[in-house]
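These are the residues of each chain, in order.
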Amino acid sequence: MSEYEDNPELSGYEPHGDRPMRSRTFIWVMRVVVVLGLIGLVVPGIVSAAGTANNTATRTCSTYIEYLAPQAVSFDIRFELFGQGEPGWKCYAIAFNGTETLLRSMGLIPGPAVIPRSPADNT
């Protein structure tokens, strides 16, 4: 009785022995190609998202400056992981003497400015 009776397609098969099917160099080259491919797919998305977030934060901060601090000379936006409040984009108003005042924390993904239409009733 043959040892390949259950699998007739293996009747002429002779194993390679202890030698691997792929060389170490080929495996190393394939790993490098895969890592470079993953970097090529992920990095452009991160750069695009960061640029969009920066542009949105700039427009939102300029709107907040016009409404909340019209006396400010300029404004500055920063992405801070360890600053006041939660991590994310921060909008600072810069006064004539150079002092910076935190106006708004816009979070990790800045959105449009939310300005109330009418003054709040504090009574």
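On a predicted model such as this, the values are computed, not experimentally measured, just so you know. (Residues numbered from 1 in each chain as written. Predicted model: local features only at pLDDT ≥ 70, side-chain atom pairs only at ≥ 80, totals over all residues. Heavy atoms only, no water.)

Draft legend 1. Structural view of the overall build of the chain. Per the secondary structure count, the chain includes one helix and three strands. For the chain, the succession of helices and strands along the chain, N to C, is α-β-β-β. Looking at the chain as a whole, 16% of its 123 residues qualify as buried. Partitioning the contacts of the chain with sequence separation of at least 6, the portion at a separation of at least 24 is 34%. A total accessible area of about 9,900 Å² is found for the chain, and carbon and sulfur atoms account for 60% of it. (Helix = DSSP H or I, 4+ residues; strand = E, 2+ residues; numbered from the N terminus. Buried < 20%, exposed > 50% of the residue type's maximum accessible area, 1.4 Å probe, protein only. Contact = heavy atoms within 4.5 Å. Areas by Shrake-Rupley, 256 points an atom, 1.4 Å probe, with all protein chains shown as cover.)

Draft legend 2. Expanded view of helix α1 (residues 24-68). Between its terminal C-alpha atoms α1 stretches 64 Å, which fits the 66 Å expected from 45 residues at 1.5 Å a residue. When α1 is considered as a whole, its buried residues turn out to be Ala-53, Thr-56, Ala-57, Thr-60, Cys-61, Tyr-64 and Ile-65. Close packing links the buried residues of α1 with β1 (74-80), β2 (88-94) and β3 (100-107). (Expected span 1.5 Å × (residues − 1).)

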